[in-house]
Protein chains: 2
Amino acid sequence: MKVAVLGCGSVGSQVVRLLLEQSDELAARVGAPVELAGVAVRRLEAAREVEVPEGLLTTDADALVRRDDVDLVVEVIGGIEPARSLILAALEGGASVVSANKALVAEDGPTLFDAAQKAERDFYYEAAVAGAIPILRPLRESLAGDNVSRVLGIVNGTTNFILDKMDTSGAGFEEALEEAQELGYAEADPTADVEGFDAAAKAAILASLAFHTRVSASDVYREGITEVTAGDVASARDIGCVVKLLALCELRTGPDGERGVSARVHPAMIPRSHPLASVREAYNAVFTESEAAGQLMFYGPGAGGAPTASAVLGDLVTIARNRLAHTTGAGESAHADLTVLPMGETVTRYHVAIDVDDKVGVLSQVAMAFAEHGVSIQNLRQEGRGDDAQLVVVSHEATDAQLRETMQHLEQLESVREVTSVMRVEGGAE
Amino acid sequence: MKVAVLGCGSVGSQVVRLLLEQSDELAARVGAPVELAGVAVRRLEAAREVEVPEGLLTTDADALVRRDDVDLVVEVIGGIEPARSLILAALEGGASVVSANKALVAEDGPTLFDAAQKAERDFYYEAAVAGAIPILRPLRESLAGDNVSRVLGIVNGTTNFILDKMDTSGAGFEEALEEAQELGYAEADPTADVEGFDAAAKAAILASLAFHTRVSASDVYREGITEVTAGDVASARDIGCVVKLLALCELRTGPDGERGVSARVHPAMIPRSHPLASVREAYNAVFTESEAAGQLMFYGPGAGGAPTASAVLGDLVTIARNRLAHTTGAGESAHADLTVLPMGETVTRYHVAIDVDDKVGVLSQVAMAFAEHGVSIQNLRQEGRGDDAQLVVVSHEATDAQLRETMQHLEQLESVREVTSVMRVEGGAE
């Protein structure tokens, strides 16, 4: 089995290291020798975490993936192009492919799945979601006989580190971000992480697998954590919750009885007793709910060169075994083909903090605004008096559209000075 | 795809229910219709949780597994015989087999693996360990390119419920067991659970897969939880720990540099900050440490009809797909063939509570006993005075043999009245 590796950054160099160091063990597990055929890089002369053997480095990735003797291609370049063209060329040329590329799979997965099916080759991408944590394989295979109703994930380590820091130290977003950057948990330009783009790509992949439906990154509703304040985190604490950036994928039955899929990424308050609440620092975890299995959780490091390389190698061993057996694993499963629901139709709960005038009748005005839009209140409490009067409302479940309308209504009330905080509440028993 | 189900108890009836209710969905996922061919039971006239269609019930399991038209056999009878003979007959007859039978796989797995290999059929048993939690597949496939060094599991729900109850309410073992029995978490005869036999079978299966070595139930060192006292649980709390019944599988390098496997089941104190410490009630979790992936945890319901049936159906879909593709999944992997180390050679830490006379020199005598057997003390504190004087020692890592010799030595010291509690400490940073 000859393996070509595309990219030799933090993940690629660990893949190359494991391929070189573990070659005997890998051969035993696969049932045939596994040999590094080449490593494609942008520049031959660059500092690398691994010493690539003489003659194996090349800048011509295109020629490498088309080589007749290459059986397996590992794509760890990232981004859309040239990754996509190289993967397609590899599959057309008869190689099987492992990728860790969440952005590409979330944006254009079907093109790759179709190419793999046409070529009768495997395309695996476990490392694209939650690094080393085996979550795609369990969804695809272990839960194949069950009906998944919901996937809740903490799938971005940077934002979890920041929110955890805000929770434990009382810091604001900017301060926590700076610390994450100093410690190497956040990049100099943190946009992809803190604005939720990275998590949204992973949510699309999780929803696709869980619900046998094509969901792309653009179908995912997305809010980042830049607006989360120290006050929100404190409010969450007051109601026994913690703020996490969640990727939520849910099966929903609409008013007409038709089933649909909802996929969204946003900060949310979850109860401290929820298994996801104890996911600290830069760790990731994915929590699934299914009809027969009930609640499962998968926890581990969500990023990093070595953990991601572990997931890549796991896929590599599987597709190498498939290849020796002249077969392929289960391909994409999109047979359910459900509608992706717009955000307005998804059902959620809200925590709302409102600065109000301390006047008789304010409370009933606010309660009426909720009632008018069909939103039932679970809990309403008044804090402070006079100039500091604040109402804190936690709603029951309602559609996101109803809740948004209620917020607009509140802002127009004369006695409401400002809606200071609005955050969804998830992971409850309701 | 025609499926025969052997056994229609709490798991079997849920398997039958899912096969009947989900047949369209299963057909879509497998790529061919999946049909229930028959259900073998001991008595035709018994109360069941599911209504089996007319004509499908039979008491002749042997004839059912040998039927030419049966492609897949699900064995959920449990126990050694007749389960083993039926599985072997099914494989010989050309069917692939899914089993949830931990006792059989742990006692005589190799016979079944060999039969499957010879027949070129699949034998899958995800449901045998930790119910619905996908753990065998991740060990076998996702971590196939990594090197697992340790598996720590809470794999018995009954004992976890009892220990959790003791921790939260301060109850003793007997009282907590009674509550577990009243709530249906423990059987009338709880021996298999509370004496650790069930967990030991699962430890053998986990160690075999993690270390590519045949480990049987009889290789596993086993202590149950019947001797755990409310005092032990309180002592654990004093040092920031909680008592759990752990299945521990470790790769160890002996003094001669040769690698070996250690597999054991016993109660242990683990730090409250360890991910396993938060596994409450009857839930299960398996924690793995591997070179590249680092720490992973898999959490969920470890027993129950529906969760176990979910794992069975997951296997069923996979082997049905394999069968359609005229192939089989990866078989047993025992190529590492490591020695199973005796308990005396395994390395662990001890928490020891000792009733002593409150005399000058007692503390140094006790410290000397540890030193004489090469056991380094991490922490020693004296509690109380006079008749209530007690020493509490937490050791550094040492071999179990060294620690046992130290305990024997302590009991012979004149100033030692009684060694009141001895428990291993696991899951620490050391």
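Conventions used here
Residues numbered from 1 in each chain as written. Chains lettered and ligands numbered in written order. Predicted model: local features only at pLDDT ≥ 70, side-chain atom pairs only at ≥ 80, totals over all residues. Heavy atoms only, no water. Helix = DSSP H or I, 4+ residues; strand = E, 2+ residues; numbered from the N terminus. Buried < 20%, exposed > 50% of the residue type's maximum accessible area, 1.4 Å probe, protein only. Contact = heavy atoms within 4.5 Å. Axes fitted to C-alpha atoms, helices over the stretch in contact; angles between N-to-C directions. Parallel < 35°, antiparallel > 145°, perpendicular 65-115°, else oblique. Left-handed = near helix turned anticlockwise from the far one by under 90°. Nonpolar A, V, L, I, M, F, W, Y, C, P; charged D, E, K, R; others polar. Least-squares fit on C-alpha atoms with pLDDT ≥ 70 in both. Buried area = accessible area lost by both parts, 1.4 Å probe. Salt bridge = Lys/Arg side-chain N within 4 Å of Asp/Glu carboxyl O. Polar contact = N/O pair within 3.5 Å; in protein donor to acceptor, adjacent residues only side chain to side chain. Pairing = 2+ DSSP bridges. UniProt positions renumbered as here; feature names shortened; annotations may be inferred. Domains from an automatic or database assignment. Patch = residues over 30% accessible without salt bridge, like charges linked within 9 Å, V, L, I, M, F, W, Y side chains within 5 Å. Areas by Shrake-Rupley, 256 points an atom, 1.4 Å probe, with all protein chains shown as cover. Lys, Arg positive; Asp, Glu negative; His and termini not counted. Charge placed at Lys NZ, Arg CZ, Asp CG, Glu CD. Phe/Tyr/Trp six-rings, centres within 6.5 Å; stacked < 30°, edge-to-face > 60°. Lys NZ or Arg CZ within 6 Å of the ring centre and 35° of its normal.

Undergrad: Tell me about the side chain of Thr327 of chain B, residues and numbers included.
TA: As for its position among the elements, Thr327 of chain B is in the loop between helix 12 (305-324) and strand 13 (339-340). With a relative accessible area of 14%, Thr327 of chain B lands in the buried category. When residues no more than four places from it in sequence are discounted, the contact partners of Thr327 of chain B are Ala325 and Thr327 of chain A together with Asp122 and Asn322 of chain B.

Undergrad: Tell me what's going on with the packing of helix 4 (residues 83-92) of chain A against helix 5 (residues 102-119) of chain A, and back it up with residues and numbers.
TA: Residues and elements named next belong to chain A. The contact between helix 4 and helix 5 brings their axes to 9 Å, and the two run at 15°. One element, helix 4, and the other, helix 5, form an angle in the roughly parallel class. Here helix 4 and helix 5 pass one another in a crossing that is right-handed. Residue-level inspection shows Ala83, Arg84, Ile87, Leu88 and Leu91 of helix 4 in contact with helix 5, the latter providing Leu104, Asp108, Thr111, Leu112, Ala115, Ala116 and Ala119. Split into classes, the residues belonging to the contact of helix 4 with helix 5 amount to nine nonpolar, one polar and two charged.

Undergrad: Got a sec to walk through the relation of the copies chain B and chain A? Specific residues and values, please.
TA: By a simple turn and slide, chain B fits onto chain A: the slide is 0.0 Å along the axis, the RMSD is 0.0 Å, and the turn is 180°. One copy is carried onto the other by what is essentially a two-fold rotation axis. Nearest to the rotation axis, the C-alpha of Phe298 of chain B is located 2.4 Å from it, this being the minimum over chain B. The share of interface residues of chain B whose copies in chain A are also at the interface is 100%, consistent with both copies meeting through the same surface.

Undergrad: A description of the interface of chain B and chain A should follow, citing residues and the corresponding values.
TA: It is common to give the size of an interface as the accessible area lost on bringing the parts into contact. Facing the 46 residues of chain B at the interface are 46 residues of chain A. For the pairing of chain B and chain A, the buried interface totals around 4,000 Å² over both sides, and the portion due to carbon and sulfur atoms is 52%. On the chain B side of the interface with chain A, the three residues burying the most area are Arg29, Ser142 and Tyr299 of chain B, jointly 15% of the side's total. Linking chain B to chain A there are four salt bridges. Between Arg17 of chain A and Glu291 of chain B there is a salt bridge, with its nearest N and O atoms 3.4 Å apart. Scanning the region where chain B abuts chain A turns up 24 residue pairs in polar contact (both at pLDDT 80 or more). Secondary structure elements with two or more residues in the side of chain B that touches chain A: helix 1 (10-21), helix 2 (23-30), helix 6 (136-142), strand 12 (294-301) and helix 12 of chain B. In terms of residue count, the dominant contributor to the side of chain B that touches chain A is helix 12 of chain B (eight residues). A breakdown of the residues in the side of chain B that touches chain A according to their chemical character gives 24 nonpolar, twelve polar and ten charged.

Undergrad: Give a detailed account of the pairing of strand 7 (residues 148-154) of chain A, specifying residues and quantitative values.
TA: Consecutive side chains along a regular strand alternate between the two faces of the sheet. All names here are of chain A. Burial runs high along strand 7: six of the seven residues are buried. Across six bridges, the pairing between strand 7 and strand 11 (residues 283-290) is antiparallel. Paired with Arg150 across the bridge in strand 11 is Glu289. Here four bridges tie strand 7 to strand 9 (residues 241-253), and the two strands are oriented antiparallel to one another.

Undergrad: Could you give an account of the sheet that holds strand 5 (residues 96-99) of chain B, with specific residues and numbers?
TA: Residues and elements named next belong to chain B. One open sheet holds the six strands; their spatial order is 3-2-1-4-5-6, and the pairing between them is parallel. The sheet is open, and its two borders are formed by strand 3 (57-58) and strand 6 (123-124), each paired with just one other strand. In this structure, strand 4 (residues 72-75) lies alongside strand 5, joined through four bridges in parallel fashion. If you follow Val74 over to strand 5, its bridge partner there is Val98. Strands strand 1 (2-6), strand 2 (35-40) and strand 4 of the sheet are contacted by helix 1, whose axis makes an angle of about 160° with strand 1. Its contacts with the sheet place helix 4 (residues 83-92) against strand 1, strand 4, strand 5 and strand 6, and it is angled at close to 155° to strand 5.

Undergrad: I'd like a rundown of the UniProt feature "binding site: L-homoserine" (unreviewed entry) in chain A, residues and numbers included.
TA: The UniProt record annotates "binding site: L-homoserine" (unreviewed entry) at Glu187 of chain A. Classification of Glu187 of chain A as exposed rests on a relative accessible area of 54%.

Undergrad: Break down the domain arrangement of chain A for me, with residues and values.
TA: Residue and element names in this part refer to chain A. Split by domain assignment, chain A resolves into domain 1 (2-131 + 305-324), domain 2 (136-300) and domain 3 (345-425). Domain 1 and domain 2 are separated by 28 Å when their C-alpha centres are compared. The interface is formed by 16 residues belonging to domain 1 together with 16 residues belonging to domain 2. Summed over the shared surface of domain 1 and domain 2, the number is three salt bridges. Linking Lys102 and Asp198 is a salt bridge whose minimum nitrogen-to-oxygen distance equals 3.3 Å. Viewed at the interface, domain 2 and domain 1 are joined by seven residue pairs in polar contact (both at pLDDT 80 or more).

Undergrad: Describe the environment of Glu141 of chain A, and please don't skip the residues or the numbers.
TA: With respect to the secondary-structure elements, Glu141 of chain A resides in helix 6 (residues 136-142). Taking relative accessible area as the criterion, Glu141 of chain A reaches 8% and is therefore assigned buried. For the pair Glu141 of chain A and Ala330 of chain A, spaced 189 residues apart in the sequence, the C-alpha separation amounts to 8.5 Å. In this structure Glu141 of chain A touches Arg137, Glu141, Gly314, Thr318 and Arg321 of chain B, once residues within four positions along its chain are discounted.

Undergrad: So what about the sheet that holds strand 6 (residues 123-124) of chain A? Which residues, and what values?
TA: Strand pairing in a sheet is mediated by backbone hydrogen bonds. Such pairs are either parallel or antiparallel. All names here are of chain A. Judged by pairing direction, the sheet is parallel, and its six strands sit side by side in the order 3-2-1-4-5-6 without closing on themselves. The open sheet is flanked by strand 3 (57-58) and strand 6, the only strands paired with a single partner. In the packing of helix 1 (residues 10-21) onto the sheet, contacts are made with strand 1 (2-6), strand 2 (35-40) and strand 4 (72-75), and the angle to strand 1 comes to roughly 160°. The sheet contacts of helix 4 involve strand 1, strand 4, strand 5 (96-99) and strand 6, and relative to strand 5 the element is tilted by about 155°.

Undergrad: Could you give me a rundown of a negative patch on the surface, with the residues and numbers involved?
TA: Together, Glu174, Glu175, Glu178 and Glu182 of chain A make up a negatively charged patch on the protein surface. Its place among the elements puts Glu175 of chain A in helix 8 (residues 173-182).

Undergrad: Could you give an account of the UniProt feature "active site" (unreviewed entry) in chain A, with specific residues and numbers?
TA: All names here are of chain A. UniProt feature "active site" (unreviewed entry): in the numbering of this structure it lies at Lys202. Looking at where Lys202 falls in the secondary structure, it is placed in helix 10 (residues 197-211). Given a relative accessible area of 5%, Lys202 falls into the buried group.

Undergrad: Give me the packing of aromatic side chains: which residues, what numbers.
TA: Summed over the entire model, instances satisfying the criterion amount to eleven aromatic pairs over all chains. Geometrically, the ring pair formed by Tyr283 of chain B and Tyr299 of chain B is stacked, given 5.1 Å between the ring centres and 0° between the ring planes. Taken as a pair, Tyr283 of chain B in strand 11 (residues 283-290) and Tyr299 of chain B in strand 12 lie far apart in primary sequence, 16 residues in all. Judged by its relative accessible area of 11%, Tyr299 of chain B falls in the buried class. Put simply, the rings of Phe113, Phe123 and Tyr125 of chain A touch in pairs and so form one group of aromatic residues. When the ring centre of Tyr124 of chain A is taken as origin, the NZ or CZ atom of Arg140 of chain A, which lies over that ring, is 5.8 Å away.

Undergrad: Residues and numbers for the environment of Val215 of chain A, please.
TA: All names here are of chain A. Here Val215 lies in the loop between helix 10 and strand 8 (221-222). Separated by 18 residues in the primary sequence, Val215 and Val233 have C-alpha atoms spaced 31 Å apart. Excluding residues within four positions of it along the chain, Val215 makes contact with Ala106, Ala204, Ala207, Ser208, Val220, Val261, Ala263 and Val340.

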